[in-house]
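Residue-level structural notes
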Amino acid sequence: MAAFDLIIVGAGIVGCACADAVSAAGWRTAVIEPGPVGGGATAAAMGHLVAMDDDAAELALTHDSIRRWQAFAALPAAEFSRCGTLWVARNEAEANAIDTRIARLAAVGIRAQVLDAKALYQHEPALAPGLLAGMLVADEAVVYPPAMARHLLQQAGARGAALHLGRRVQALTSGGAMLDDHSHLDGPVLLATGGALPELAPQLPMRLRKGHLVITDRYPGALRHQVLELGYADSAHGHAASSVAFNVQPRPTGQVLIGSSREFDVTDTAVSPPMLQRMLQHAFTFMPMLRQLHAIRAWTGLRPATPDGLPYLGAVPGMDDVWVAAGHEGLGVTTALGSAQLIVDLLRGHTPAIDPAPYAPARVLT
Amino acid sequence: MTETRHIVIVGAGPAGLAAARAATSHGARVSVIDAQPAAGGQVWRHDVAHASKRAARVAIAALERVEWLAGHTVIAATGQTLLVESRDGAFDIGYDALILATGARELLLPFPGWTLPGVTGAGGLQALAKQGWPLAGKRVIVAGSGPLLLASAASLRAHGAQVLGVYEQASRHAVTTFAARLWRWPQRAVQALALRTRLASVPYRCASHVRAALGDDRLEAVEIVSPHGVTRIACNYLAIGYGLVPNTGLAELLGCALQVGPTHPAVQVDALGRTSVANVYAAGEIGGIGGLACARIEGTIAGHMAAGDSETAAACLPRRARARRFATALAHTFTLDPRLHALATPDTIVCRCEDVTLADLAAAGDGRGARLATRCGMGACQGRICGSALTELGHASPRGVRLPLFPARLDTLASTSTTTFP
Amino acid sequence: MSAPKSIRLSVNGQPVEVPSGTSVAVAVAQATSVFRRSRHGQPRAPLCGMGMCFECRVNIDGRAHVRACMTPARDGMQVRSDD
């Protein structure tokens, strides 16, 4: 029986970030992953490091995590591209809310500026006419998630972490975990299994929220910033069975990545033509030039969604020595590093940089 | 009044054209779709400098009785509807029966210098020549494997190229044994003899392969390995191909089962051209590389079957069996020398679209994880070139086909004629 | 009315004349051996000749990423390659 200070189940971006942080703290770590590293929701993700200001707890975690991401700005594997985020308002209500958003971001030290219509089109000429105003968060960036996940895991491996790749945890046992090859690992367990969390912790509610993405051929200069509609949170934080929200991103390769869509409780990962159509038609209303770009690939991902949209970060109630870092919805990449540090601090009994209460798993069981 | 059956045929090469002729003979409403601007596929590709073979002209005449959609590409398929894109727009086309005659592409293996301008497929340079590519007086080496090399060499010569030699990787023994058996297929024997005559002054070397293409910004010379050692030959073009791979993308998108066993996927079909999906038939190369005779007879069978005439289809079965036997013999002769799997060096590019080298892939491990990390296969060719090469070299096959089947305008993916949103 | 015997178009600003019925790929080849630059800037030209490899992509009349080997040359086309 191998003994560890922490056994991490799942090598998506969150599990890998945790492996890196925990091993850096000197702990003897094991990581168990049945599929390719970063092969789940991480592989489908846009890789956008973005602050969403609608929820204070989400914003705190996001801000903390984005700060930590800056350390990777020069790492080739990250493909870190500081394209900035441009939020666009299509109606008076959205335009009028910009100042409040800027203030909320400023309160946590994130710099954002309002753009009037003229400035908006100067910043992003391809936008459809008729938009009222915008908000530019110039320092935000995008990364390439699967390569980052692998990098973080390699760091952990270099510090001696035991990587059980191609293996699956069959069951949690008292004192550890049993793998599908019947080997047993001894030690506290951290579940970083994303949407698969209910398999090992069925008491924690988790829903899958399917999203579509399309990537185009190379069109360098077509798009200067990541662009989102200010109404994006209505989709992300809403509870509609299905919704779309405008989101485009220039990849460092010059390719354009287009999203977004959300559908609850659909586990079929095949691309749904009607959903794709809806997402694209919505996108065209913000950026008509997208119509002529060539799509090379379309794919889907399943975001892990908790009832209140905040991840579970902390001890799993009712289980001994089992912890969880899962349920990040569409912010898994953004908040991976902050989540990992929060977990390390909780495990070591240190005071975390941000208040951990909003993410406590026990909150859903009262 | 009874509804006329609408039969859609994807591919206007020999198989698709034969299917069109057979289907229209029953009065069915037929549409033929091909991404190329002209009919004929690859084997009967329109040649700007030479008149078409009579057989091709006759076959192409069948298009007069169909809705002929040249320059149209199938992008997606749902239910019994295909989403089709052309230069000017996109639309849905429904069908009662579908015949897949999407043909094959060349198997191109990575080796040092293969990305240089001037290095093309063997069939590739022939296709370019037929489009009018200037080859007069150009020094050309033809290499790789298979009977396609001879056909290509003859065609290139006819377009004015100076073909310096044909370098076949199979052994002399394999090739001469095969040639000795050609009497069983008289038509082929005649073809082969004709080719040899036209190429009488062109050296044909067996057990030879190209190990490198040399040049700075374009091809200047190649290095050839033969039983006599390594030779460097200055040339303008290297036309190199290692056989053919079925274009199974649309079949896979439709859910057609693939054959177990062959290195490269082929669609599972019975002798009457039925795939595992109801109302979907397949003919020609996509059911297994079989050449022109297989394509024509299987296209005919599929056309009759799609139109509901299984009796006439069944009468073609003996001819089909003979054609398929030849194809099998061919495949055995030209199996690839394992040394070809090791031609690529660590800095050889494997994925041309994303500039991923063999070393990049090796560093990332194998399988899906490696492709995710390097983005190998995620470029414009959607893994068609690198995917088949990696499969041949023994790496895990990339995952199944997704939509869009070919790069398509976002406008096309967004188009809908019938869907309403909640 | 018979088809024109030759087609006049421009490739990278250079006038090019090709016989009627030839492809844009052929027209480009008159002007340059570089159709596009790869991700790391390497020169590329047609490989497969049949629309599978996507190495022959050029810009035709403002439309990017058109496969030259699949496109018949037309009078007045403005073609730009990546050289």
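Residues numbered from 1 in each chain as written. Chains lettered and ligands numbered in written order. Predicted model: local features only at pLDDT ≥ 70, side-chain atom pairs only at ≥ 80, totals over all residues. Heavy atoms only, no water.

Along the backbone of chain C there are one helix and seven strands. Secondary structure elements of chain C, listed N to C terminal, follow the sequence β-β-α-β-β-β-β-β. Here the C-alpha radius of gyration of chain C, 12 Å, is about what a compact globule of 83 residues would show, namely 12 Å. Taking the principal axes of the C-alpha coordinates as reference, chain C spans close to 45 × 25 × 20 Å. The burial tally for chain C puts 57% of its 83 residues in the buried class. Accessible surface, chain C as shown: approximately 3600 Å² in total, 47% of it carbon and sulfur. (Helix = DSSP H or I, 4+ residues; strand = E, 2+ residues; numbered from the N terminus. Rg over C-alpha atoms; globule rule 2.2 N^0.38 Å. Buried < 20%, exposed > 50% of the residue type's maximum accessible area, 1.4 Å probe, protein only. Areas by Shrake-Rupley, 256 points an atom, 1.4 Å probe, with all protein chains shown as cover.)

Interfaces are frequently sized by the accessible area removed from exposure as the parts join. Taken residue by residue, the interface counts 34 residues in chain A and 32 residues in chain B. Between chain A and chain B, the buried area comes to about 2700 Å², and carbon and sulfur atoms account for 57% of it. At the junction of chain A and chain B, the tally comes to three salt bridges. Note that Glu79 of chain A is salt-bridged to Arg375 of chain B, the shortest N-O span being 3.0 Å. Across the contact surface, chain A and chain B share 13 residue pairs in polar contact (both at pLDDT 80 or more). Of all the secondary structure elements, the ones that give two or more residues to the side of chain A that touches chain B are helix H7 (145-158), strand S14 (207-218), helix H9 (273-286) and strand S18 (294-305) of chain A. Ranked by the residues each element gives to the side of chain A that touches chain B, the list is headed by H9 of chain A, at eight residues. When grouped by side-chain class, the residues that make up the side of chain A that touches chain B number 19 nonpolar, eight polar and seven charged. Relative to strand S21 (residues 408-409) of chain B, S18 of chain A is paired through two bridges, and the arrangement is antiparallel. Considered in S21 of chain B, the bridge of Ala295 of chain A is made with Ala408 of chain B. (Contact = heavy atoms within 4.5 Å. Buried area = accessible area lost by both parts, 1.4 Å probe. Salt bridge = Lys/Arg side-chain N within 4 Å of Asp/Glu carboxyl O. Polar contact = N/O pair within 3.5 Å; in protein donor to acceptor, adjacent residues only side chain to side chain. Nonpolar A, V, L, I, M, F, W, Y, C, P; charged D, E, K, R; others polar. Pairing = 2+ DSSP bridges.)

Residues and elements named next belong to chain B. Most of strand S4 (residues 73-78) sits out of view: five of its six residues are buried. Alignment of S4 against strand S5 (residues 81-85), held across five bridges, turns out to be antiparallel. Residue pairing in the sheet places Thr78 in a bridge with Thr81 of S5. Between S4 and S5, which pair antiparallel and follow one another directly, the connecting turn spans two residues, one of which, Gly79, has a positive phi of 55°.

Counted by the stated rule, this structure contains three aromatic pairs over all chains. Residues Phe246 of chain A and Phe286 of chain A carry aromatic rings whose centres are separated by 4.6 Å and whose planes lie at 0° to one another, so their mutual orientation is stacked. Here Phe286 of chain A lies in helix H9 and Phe246 of chain A lies in strand S16 (residues 242-250), a separation of 40 residues in the sequence. Residues Trp133 of chain B and Phe35 of chain C carry aromatic rings whose centres are separated by 6.0 Å and whose planes lie at 15° to one another, so their mutual orientation is stacked. You can see Trp133 of chain B sitting in the loop between helix H3 (122-131) and strand S10 (139-144) and its partner Phe35 of chain C sitting in the loop between helix H1 (24-31) and strand S3 (36-37), one on each of two chains. Summarising the burial analysis for this pair, Trp133 of chain B and Phe35 of chain C share the class buried. Sitting over the face of the ring of Trp299 of chain A, Arg297 of chain A holds its NZ or CZ atom 4.5 Å from the ring centroid. (Phe/Tyr/Trp six-rings, centres within 6.5 Å; stacked < 30°, edge-to-face > 60°. Lys NZ or Arg CZ within 6 Å of the ring centre and 35° of its normal.)

In this section: the confidence of the model for chain B. Looking at chain B as a whole, the pLDDT averages 92, with 95% of positions reaching at least 70. Under a pLDDT of 50 for its full length, residues 418-422 of chain B has, in the predicted model, seven contacts with residues more than four places off or in other chains. (pLDDT = per-residue confidence, 0-100.)

As a further point, take the sheet that holds S10 of chain B. Residues and elements named next belong to chain B. Here we have five strands laid out as an open sheet, ordered S9-S16-S10-S11-S12, and parallel in their pairing. Two strands bound the open sheet, and with one partner strand each, they are strand S9 (119-120) and strand S12 (204-205). Judged from the two bridges that link them, S9 and strand S16 (residues 237-241) form a sheet pairing that is parallel. Residue pairing across strands places Thr120 opposite Ala239, the latter belonging to S16. Sitting on the sheet, helix H4 (residues 148-158) touches S10, strand S11 (162-168), S12 and S16, and the angle it makes with S11 is about 175°. (Axes fitted to C-alpha atoms, helices over the stretch in contact; angles between N-to-C directions.)

Further remarks concern the packing of helix H1 (residues 13-24) of chain A against H7 of chain A. Residue and element names in this part refer to chain A. Packing of H1 against H7 brings their axes to within 8 Å, and their N-to-C directions diverge by 30°. Considered as vectors, H1 and H7 are oriented roughly parallel to each other. In terms of crossing hand, the pair formed by H1 and H7 is left-handed. Every residue of H7 that contacts H1 at Ile13, Cys16, Ala17, Ala19, Asp20 and Ser23 is listed here: Pro145, Met148, Ala149, Leu152, Leu153, Gln155 and Ala156. Residue composition of the contact of H1 with H7, by class: 10 nonpolar, two polar and one charged. (Parallel < 35°, antiparallel > 145°, perpendicular 65-115°, else oblique. Left-handed = near helix turned anticlockwise from the far one by under 90°.)

A separate point is the pairing of strand S5 (residues 85-89) of chain A. Residues and elements named next belong to chain A. S5 sits mainly inside the fold: five of its five residues count as buried. The alternating pattern of S5 places Thr85, Trp87 and Ala89 on one face and Leu86 and Val88 on the opposite face, and all of these are buried. Pairing of S5 with strand S7 (residues 133-137) involves five bridges; the strand directions are antiparallel. Bridging across to S7, Trp87 finds its partner in Met135.

Contacts between chain B and chain C engage 40 residues on the former and 33 residues on the latter. The contact between chain B and chain C buries some 3000 Å² in all, and 59% of this surface belongs to carbon and sulfur atoms. The largest share of the area that chain B buries against chain C comes from Gln131, Trp133 and Asp355 of chain B, three residues that together contribute 19% of it. At the boundary of chain B and chain C, one finds two salt bridges. A salt bridge links Arg44 of chain C to Asp355 of chain B; its shortest N-O distance comes to 2.8 Å. Counting every contact that joins chain B to chain C gives 13 residue pairs in polar contact (both at pLDDT 80 or more). Put simply, the parts of the chain that give the side of chain B that touches chain C at least two residues each are strand S8 (104-106), S9, H3 and helix H13 (384-392) of chain B.

The subject of this paragraph is helix H3 (residues 56-69) of chain A. All names here are of chain A. Compared with the 20 Å implied by 1.5 Å per residue over 14 residues, the 20 Å span of H3 between its first and last C-alpha is a close match. Here H3 has its buried residues at Ala57, Glu58, Leu59, Leu61, Thr62, Asp64, Ser65, Ile66 and Trp69. Where H3 is buried, its residues contact H1, strand S4 (48-49), helix H5 (98-107), H7, strand S19 (312-315) and helix H10 (332-348). Where H3 begins, the side chain of Asp55 points an oxygen toward the backbone nitrogen of Ala57, at a separation of 2.9 Å. (Expected span 1.5 Å × (residues − 1).)

Bringing the nonpolar core into the picture now. Leu280 and Leu290 of chain A together with Leu82 and Leu238 of chain B are the most contacted members of the largest nonpolar core, which has 107 residues in total. Of the residues forming this core, the biggest block, seven residues, is contributed by H9 of chain A. When near neighbours in sequence (up to four residues on either side) are disregarded, Leu82 of chain B contacts Val8, Val10, Ile33, Val74, Ala76, Ala77, Phe91, Asp92, Ile93, Tyr95, Leu98 and Leu250 of chain B. (Core = buried A, V, L, I, M, F, W, Y, C linked by side-chain atoms within 4.5 Å.)

Residues and elements named next belong to chain A. Running from N to C, H3 and H10 point in directions that differ by 90°, and their axes come no closer than 7 Å. One way to sum up the angle between H3 and H10 is to call them roughly perpendicular. Facing H3, whose interface residues are Leu61, Thr62, Asp64, Ser65, Ile66, Arg68 and Trp69, H10 presents Val333, Thr334, Thr335, Ala336, Leu337, Gly338, Ser339 and Gln341. Looking at the contact of H3 with H10 residue by residue, the classes come out as six nonpolar, seven polar and two charged.

Time to look at helix H5 (residues 172-181) of chain B. Residue and element names in this part refer to chain B. Along H5, the residues classified as buried are Ala174, Val175 and Phe178. All buried residues of H5 project into a common sector of 95° when viewed along the axis, lining one side. Close packing links the buried residues of H5 with S11, S12 and helix H10 (317-333). (Arc of directions from axis to C-beta.)

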